[in-house]
Amino acid sequence: MAEKGFKYVILGGGVAAGYAAREFAKHGLKPGELAIISKEAVAPYERPTLSKGYLFPESPPRLPGFHVCVGSGGERLLPEWYKEKGIELILSTEIVKADLAAKTLISASGETFKYQILVIATGSTVVRLSDFRIPGADAKNIFYLREIDDADKLVEVIKAKKNAKVVVVGGGYIGIELSAVLRINNFDVSMLVPESWCMFRLFTSDIAGFYESYYEKKGIKIIKGSVAAGFTADSNGEVKEVKLKDGRLVEADIVVVGVGARPLTGLFKGQVVEEKGGIKTDGFFQTSVPDVYAVGDVATFPLKMYNDVRRVEHVDHARKSAEQAVKAIKASEEGKAIEEYDYLPFFYSREFDLSWQFYGDNVGETVLFGDNNPASPNPKFGTYWIKDGKIFGAFLEGGSPEENKAIAKVARVQPSIESRDLLAEEGIAFASKI
Ligand code: FAD
């Protein structure tokens, strides 16, 4: 089998890979210096589109429309762009073995790739219900969503099973976004939320209460505090019912599961130091192995602001960590130094006509402000998280671009608070003054 060698190899062809490639190109690349190896068949794209517009019934975005870097308002990197820059896009190629000591990657079909510097950008894979041995979890019409192939399967079933009953298992990002988009497609949607409220790890019960009422008004049934314990199938092997842990049965023609993701670090087990489930890096995304960097979902990095180390599974961090790693690689080649990564956590989502953003850390006590009545024509509300008398986190639904910038600044500056009542009264106006 042929062997190919590159100065730089990015392993993975997702969000981080695309942003890393753009950063390499900005610094100047010689043809053939950089390769991206991806098991996906398409050039890097903005993954969040898959659970939003991609599944819309009307004018859904399709590739090449959402290749990176359009998600952050940047240039769209079409496959031709990689060609022009002399970057080799090695697609539909899964790496099954990595030998970091020998600086070698081996693909499923036996090709060998050598590198001088490796950027690991393998992202995450979905957690499957069959991983927990849930009976019937391998029935037909149970879907997951991570890559464009998964989204295409959903598009097909949406077309094939008009107005059918869907059970969405999970009340996190994927659960809330898919429930909304499936309802827009006129499905009869039930969302199974295992915790006491949706988006449990981020939302307060007040925030969740707003979205849950809004969803119910849209006709989505929300079943809280119970998990899927099994599935029954018809004689064709197609899912028919979801059995809940509390014994209830919910009819389903389709099940869509969003119960979390797992970072893809298995190739490097025992070769690199891991922490908190990810590959441990420094503030330049350098791992414990020289010339090996890890970015995006797989990296556990120092979160300077909170004097902590974290792994973050969000697109904004995937983009920024990729850029930081490439800047660090180029700086070290030139004997220069760059600033350590200083990330402000940023999460967002969009469902129906709603759109929210969150910045910072959701720790401490909370102050709710604004109009969170789901029946309001233009609801706009938010929450501040306060620890040690300072604002650590800020959430806003329905904010304008300026207001969203203001909550980002508040979370970064961490101003002191004199009175919680005053803060509740001032609401977004407080952030806008900072
Ligand atoms: P990925 O984008 O997942 O890319 C990993 C790449 O590596 C993939 O191409 C994969 O095929 C490839 N790969 C993995 N293993 C191998 C191997 N062995 N050989 C070859 N290739 C390999 N975040 C937000 O902040 N907001 C959102 O609204 C949002 N929406 C999302 C919606 C969906 C449907 C999903 C799945 C995620 C969403 N996220 C969102 C999370 C965000 O997309 C991820 O955090 C981000 O994509 C991580 O980037 P990454 O490059 O680390 O991994």
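For the protein chain, the name recorded in an unreviewed UniProt entry is monodehydroascorbate reductase (NADH), with Juglans regia as its organism. UniProt, in the comment section headed Catalytic activity (unreviewed entry), describes the protein chain in these words: "2 monodehydro-L-ascorbate radical + NADH + H(+) = 2 L-ascorbate + NAD(+)". UniProt, in its Function (unreviewed entry) section for the protein chain, records the words "Catalyzes the conversion of monodehydroascorbate to ascorbate, oxidizing NADH in the process."

Novice: It is not clear to me how the pairing of strand β9 (residues 165–169) should be interpreted in this structure. Could you clarify?
Specialist: Each regular strand carries side chains that alternate between the two faces of the sheet. Here β9 lies mainly inside the structure; four of its five residues are buried. Where β9 meets strand β10 (residues 188–193), five bridges bridge the pair, whose relative direction is parallel. Within β10, the position partnered with Val169 by the bridge is Leu192. You can see the chain leave β9, run along helix α4 (residues 173–184) and come back into β10, and the turn it takes is right-handed. Sheet analysis places β9 next to strand β15 (residues 254–257), joined by four bridges and oriented parallel.

Novice: Help me understand the side chain of Ser190 in this model?
Specialist: Residue placement: Ser190 occurs in strand β10. The exposure class assigned to Ser190 is buried, which follows from its relative accessible area of 7%. Those residues in contact with Ser190, other than ones at most four positions away along the chain, are Val166, Val167, Val168, Lys221, Ile223 and Val250.

Novice: Can you walk me through the site of the ligand in this structure?
Specialist: Taken together, 34 residues form the shell around the ligand, and within it Glu40, Lys52, Arg146, Glu147 and Asp297 come nearest. Interatomic distance of 3.2 Å between a backbone N/O atom of Val15 and an oxygen atom of the ligand. When residues of the shell around the ligand are traced back to their parent elements, those giving at least two are α1 (15–27), α4 and α6 (315–333). The residue inventory of the shell around the ligand, partitioned by class, reads 14 nonpolar, 10 polar and 10 charged.

Novice: Honestly, the UniProt feature "domain: Monodehydroascorbate reductase 3-like C-terminal" (unreviewed entry) in the protein chain in this entry has me stumped. Any pointers?
Specialist: UniProt's entry tags residues 344–431 with the feature "domain: Monodehydroascorbate reductase 3-like C-terminal" (unreviewed entry), counted in the numbering of this structure. The straight-line gap between the two end C-alpha atoms of residues 344–431 is 16 Å; of that span, 27% is helix and 41% is strand.

Novice: How should I be thinking about the UniProt feature "domain: FAD/NAD(P)-binding" (unreviewed entry) in the protein chain in this particular structure?
Specialist: The feature "domain: FAD/NAD(P)-binding" (unreviewed entry), as annotated in UniProt, sits at residues 6–322 in this numbering. What you have in residues 6–322 is 21% helix and 28% strand, and the ends, taken at the C-alpha atoms, are 18 Å apart.

Novice: Please clarify how unusual backbone geometry should be interpreted in this entry.
Specialist: Peptide bonds are, in most cases, trans, and in most cases residues other than glycine have a negative phi. Looking along the chain, the bond that leaves Leu63 and enters Pro64 is cis, with omega of 15 degrees. With respect to the secondary-structure elements, Pro64 resides in the loop between β2 (34–37) and α2 (79–84). Positioned with a positive phi, Gln414 is a non-glycine residue whose angle comes to about 55 degrees. Tracing the backbone through its elements, the reader meets Gln414 in the loop between α7 (401–413) and α8 (420–426). Looking at Gln414, the relative accessible area reads 17%, which means it is buried.

Novice: Would you mind going over the domain arrangement of the protein chain with me for this structure?
Specialist: Annotation of the protein chain at the domain level lists domain 1 (3–125 + 262–333), domain 2 (129–259) and domain 3 (353–433). Here domain 1 and domain 2 have C-alpha centroids that lie 30 Å from each other. Across the contact, 19 residues belong to domain 1 and 16 residues belong to domain 2. Sorting the residues of domain 1 by area buried against domain 2 places Ser51, Tyr54 and Leu55 first, and these three jointly supply 34% of that buried surface. On the surface where domain 1 and domain 2 come into contact, there are four salt bridges. Glu177 is paired through a salt bridge with Lys52; the nearest N and O atoms lie 2.9 Å apart. Linking domain 1 with domain 2 are 10 residue pairs in polar contact (both at pLDDT 80 or more).

Novice: Can you help me understand the environment of Gln357 in this one?
Specialist: Position of Gln357 among the secondary structure elements: in strand β23 (residues 354–360). For Gln357, a relative accessible area of 16% corresponds to the buried category. Taking the C-alpha atoms as reference points, Gln357 and Phe395, separated by 38 residues in sequence, lie 5.8 Å from one another. If sequence neighbours within four positions are ignored, Gln357 has contacts with Phe346, Phe347, Tyr348, Ala394, Phe395, Leu396, Asn404 and Ile407. Among the polar contacts made by the side chain of Gln357, one reaches the side chain of Tyr359 at a distance of 2.8 Å.

Novice: Is there a simple way to think about the pattern of salt bridges in this case?
Specialist: Two side chains bearing opposite charge may form a pair once their charged atoms approach each other closely. Inspection of the entire model under this criterion finds 30 salt bridges. Ionic pairing is found between Arg310 and Asp361, a salt bridge with its closest N-O pair at 3.0 Å. Taken together, the residues Arg310 in strand β21 (residues 308–311) and Asp361 in the loop between β23 and β24 (365–371) connect sequence positions 51 residues apart. A residue is classified by how much of its surface remains accessible, and Arg310, at 22% relative accessible area, is partly exposed. Judged by relative accessible area, which is 9%, Asp361 ranks as buried.

Novice: Could you clarify how one ought to interpret the nonpolar core in this entry?
Specialist: Counting 128 residues, the largest nonpolar core has Leu105, Leu118, Leu182 and Phe203 as the members making the most contacts within it. Per-element tally for this core: the top contributor is α1, with eight residues. Those residues in contact with Phe203, other than ones at most four positions away along the chain, are Trp197, Cys198, Ala208, Tyr211, Trp356 and Phe395. Counting residues in each nonpolar core, the second largest holds 20 residues, with Val126, Leu129, Tyr144 and Val167 among its members.

Parameters and conventions
Along each chain, numbering runs from 1 in the same order as the chain's sequence is written. Selection of residues for local features in this predicted model requires a pLDDT of at least 70, selection of side-chain atom pairs for listing and counting requires 80 or more, and totals for whole chains, interfaces and linings are taken over all residues. Remark: hydrogens and water are excluded; side-chain values derive from all non-hydrogen atoms of the structure. UniProt positions are given in the numbering used here, feature names are shortened, and annotations may be inferred rather than shown by experiment. Only protein chains enter the accessibility calculation, which uses a 1.4 Å probe; a residue is then buried when its area is under 20% of its type maximum, exposed when over 50%, and partly exposed in between. Numbering of helices and strands runs from the N terminus; a helix is a DSSP stretch of H or I covering at least four residues, while a strand is a stretch of E covering at least two. Note: two strands are recorded as paired if DSSP finds a minimum of 2 bridges between them. We call a crossover right-handed when, viewed with both strands directed away from the observer, the connection leading from the first strand over the helix to the second proceeds clockwise. Note on contacts: a residue pair qualifies if any of its non-hydrogen atoms lie within 4.5 Å across the two residues. By convention in these notes, a residue is near a molecule or strand provided one of its non-hydrogen atoms lies within 4 Å of it. Polar contact is the term for a pair of N or O atoms within 3.5 Å; when the atoms are in protein, one must be able to donate a hydrogen and the other to accept it, and sequence-neighboring residues count only if both atoms are side-chain atoms. Under the grouping applied here, Gly and all other residues not named as nonpolar or charged are polar, the nonpolar ones being Ala, Val, Leu, Ile, Met, Phe, Trp, Tyr, Cys and Pro and the charged ones Asp, Glu, Lys and Arg. Where each domain starts and ends follows an automatic or database-derived domain assignment. Buried area is calculated as the accessible area (1.4 Å probe) missing from two parts once they are joined, with the contributions of both summed. Salt bridge, as used here, is a side-chain nitrogen of Lys or Arg placed within 4 Å of a carboxyl oxygen of Asp or Glu. Put simply, buried Ala, Val, Leu, Ile, Met, Phe, Trp, Tyr and Cys residues joined by side-chain atoms within 4.5 Å make one nonpolar core.

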